[in-house]
Amino acid sequence: MVNIFKSSVAPCARVNIIISGGGLAGLSTSLGLAKLGLFHVDIIECRSEWLSQGSAFGLAANGRKCLKELFHSSASLNRLLEMGIYSEDLDTHLLIWHMLRDSLLEEVKKSSSISIHMGKTIDSYDDTSDQSQIEVVIKNVNGADGREKLTGLLLIAADGVYSNIRALAGLEPATFAAKTKWRGTIPRVPEGSILEPYLDKGIVPLSTDGSTKGMQTGGDCLVNLFNFHPKVDRKMTFVLNASVVNLQHGTHPREIFRKHMPDPYHHQILEEVYMLADDKELHYPLPNAVIELPISGNMGWGGRGRVVFVGDSAHAMRPASGQGGSMAFEDAVVLCRLLKNAGVQSLKTRESAESLVNEFEASRFDRVKAIWDNQWEISEGVYKKGADSTSFKWNESFDAWVKEGV
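Residues numbered from 1 in each chain as written. Predicted model: local features only at pLDDT ≥ 70, side-chain atom pairs only at ≥ 80, totals over all residues. Heavy atoms only, no water.

J.: Tell me about the pattern of salt bridges, and please be specific about residues and values.
T.: Per the stated rule, a full pass over the model turns up 19 salt bridges. Arg-101 is the salt-bridge partner of Asp-102, the closest N and O atoms lying 2.7 Å from each other. For Arg-101, a relative accessible area of 1% puts it in the buried group. Of the charged contacts, one joins Arg-188 and Asp-233 as a salt bridge, the two residues approaching to 2.5 Å between their closest N and O atoms. (Salt bridge = Lys/Arg side-chain N within 4 Å of Asp/Glu carboxyl O. Buried < 20%, exposed > 50% of the residue type's maximum accessible area, 1.4 Å probe, protein only.)

Laid out in C-alpha cells, this is it:
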C-alpha cells in the first residue's frame, strides 16, 4: 500500500482547499489532505448539527483498505469495525452509517488543519483564469443575513448526488433510478417490542409477496431491517424501498406501504418501525438517483479549472454491492496521492490545477465506470426482473480486481 502521508514534498506555508459537503466523501477527503501537511481545509456543510440518522453502510474490502490509509489512528478504525457485522463471504463490514460518519468526524476534529462551517452552503464561485485562487461565496442555509468569501487552490465537490456544485457548474443533474427509499435508525428496540424477536437475526427482509428473499424479490415494496445487536445494544436500522416516483417532500412511507404489503403482520412491524424511528427521517423520501457517466473517459466526469468532483457528486451509482461509498474513499486516496506527488506548485495556476484535475479523473474513470456498470446491471436484474442476486455473482478475476482497490 502506498502511504500518502509520508510526503517527500518540502514543507511550505499551508494554503486553503475548500470542500463542499461534510458527508463521508468530504470528511474522508479532508483527512487525506490534512495529513499531507500542505493544506488547510475548509469544509462547507449545509446541516447545522450532526444527527444520528441514516441506515446501514456496506464497507467493502477496497473501501476498508482506503480508510486504513486515511484514518489518523488504526485503533479508531478497528473500534468502528468491531461494531459492525462482518461477512466473510463478501469480505464486507456492515456498519451503522452515522457511526462511520462519527468516526470520520472524530478524526477530523483531531486535526488543526480542518475547519467545518456548519449550516452553510456555497452560493457561487469565481474560477476565472486570471485569478491565482478560486473565490467561493458561502451563505447561511436558514436564510439569515450574512455572506462570507473564502479562497482556495481547489474546490472539491463532495456534496452528494444532488450536488449544489454540479448545478453551479452547469453539469447534468442526477437521474431517477427505479425506487424511492426512506432510511433511518431505531436507537433502541424496547423490551416487549414486536421487533425484539428479530434482534438476533441479522438482516430481516420483508417484501410485497411475503417472501424472505428481501432484495432478491421483484415486489413493489421492500423492507430491510438491519440488526446490530449485540454489537450495539438493541440497535436496528432500516431501509424502506418503494417503486414510486415524484413523491412530495414530507411523504410518509405509511401512505405507500399500506397499499402494497398485504400481510397484516408486516404492517404491525412497520407501525413499530414508524413509532421508534426519527419522525423527520420518515418524512424525507429519497429517490434512488445516479450520476450517469460518459461512455468513455476522454471528457472525464465534469471537473474543470480548480473544481473537482468526488464520490456521489461525480459518479453516484446504484446501491447493489456497497461500492458507492468505497468509490468515494478511493477518490479521496487517489486525489491525495496525486497532490502528494505534485505538490502545491501543481495548483499555482488555473491551467496547472486543471491538468491535475484531468489526471485525477483519467486515472479513476475506467475503474469507476466498470463498477458503475456492474452495479447497474445487478440492480436492474434484482429490482425490475425479480432475479436472484446470486446469479450476478462476480467472477473470480473481477472480484479480486474490485477488492484489491487502489
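Once you've had a look at it, read on.
J.: Hey, could you go over the sheet that holds strand β8 (residues 134-140) for me, with residue numbers and the actual values?
T.: Strand order in the open sheet made by the 3 strands is β7-β8-β9, with antiparallel pairing throughout. Only two strands of the sheet have a single neighbouring strand rather than two, namely β7 (120-126) and β9 (147-152). Going across the sheet, the axis of each strand differs from the next one's by a mean of 30°, ignoring polarity. Bridge count for β7 against β8 is 6 bridges, and the pairing is antiparallel. (Pairing = 2+ DSSP bridges. Helix = DSSP H or I, 4+ residues; strand = E, 2+ residues; numbered from the N terminus. Axes fitted to C-alpha atoms, helices over the stretch in contact; angles between N-to-C directions.)

J.: Please set out the nonpolar core residue by residue, giving values where relevant.
T.: Grouped together as the largest cluster of nonpolar side chains are 76 residues, with contacts concentrated most on Leu-33, Phe-39, Leu-67, Leu-100, Leu-104, Phe-329 and Leu-339. Looking at which element gives the most residues to this core, the answer is helix α10 (residues 323-342), with 10 residues. Counting residues in hydrophobic clusters, the runner-up holds 26 residues, among them Trp-182, Val-204, Phe-238 and Leu-282. (Core = buried A, V, L, I, M, F, W, Y, C linked by side-chain atoms within 4.5 Å.)

J.: Kindly report on the packing of helix α3 (residues 74-82) against helix α4 (residues 97-109), identifying the contributing residues and their values.
T.: The contact between α3 and α4 brings their axes to 10 Å, and the two run at 170°. For the element pair α3 / α4, the angle class is roughly antiparallel. Note on element contacts: α4 touches α3 through Met-99, Leu-100, Ser-103, Glu-106 and Glu-107, opposite Ser-76, Arg-79 and Leu-80. Looking at side-chain class alone, the contact of α3 with α4 contains 3 nonpolar, 2 polar and 3 charged residues. (Parallel < 35°, antiparallel > 145°, perpendicular 65-115°, else oblique. Contact = heavy atoms within 4.5 Å. Nonpolar A, V, L, I, M, F, W, Y, C, P; charged D, E, K, R; others polar.)

J.: Now, about the pairing of strand β2 (residues 39-45): what can you tell me, with residues and values included?
T.: The element β2 is extensively covered by neighbouring structure, given that 7 of its 7 residues are classed as buried. With burial as the criterion, each face of β2 is covered, one bearing Phe-39, Val-41, Ile-43 and Glu-45 and the other bearing His-40, Asp-42 and Ile-44. In the sheet, strand β1 (residues 15-20) pairs with β2 via 6 bridges, with the strands oriented parallel. Of the residues in β2, the one forming a bridge with Ile-18 is Asp-42. Here 5 bridges tie β2 to strand β6 (residues 114-118), and the two strands are oriented parallel to one another. Looking at β6, one finds that Asp-42 is bridged to Ser-115.

J.: Before we move on, could you go through the sheet that holds β1 and cite the residues and values that matter?
T.: Taken together, the 5 strands give an open sheet; going across it, the order is β6-β2-β1-β10-β16, and neighbouring strands pair in parallel fashion. Each having just a single partner strand, β6 and β16 (307-309) make up the two edges of the open sheet. For this sheet the average axis-to-axis angle between neighbouring strands, irrespective of direction, equals 20°. Pairing analysis gives 3 bridges linking β1 to strand β10 (residues 155-157), with the strands arranged parallel. Within the sheet, the bridge partner assigned to Ser-20 lies in β10 and is Ala-157.

J.: I'd like to hear about the pairing of strand β14 (residues 236-242), residue by residue, with values.
T.: Of all the 7 residues making up β14, 7 are buried; the element is thus mostly covered by neighbouring parts of the structure. Burial along β14 is two-sided: the residues Met-236, Phe-238, Leu-240 and Ala-242 and Thr-237, Val-239 and Asn-241 are all buried. The pairing of strand β11 (residues 175-186) with β14 spans 7 bridges and is classified as antiparallel. Its bridge partner lying in β14, Trp-182 is registered against Leu-240. Examined bridge by bridge, strand β13 (residues 221-227) and β14 share 7 bridges and lie antiparallel to one another. Looking at β14, one finds that Asn-227 is bridged to Met-236.

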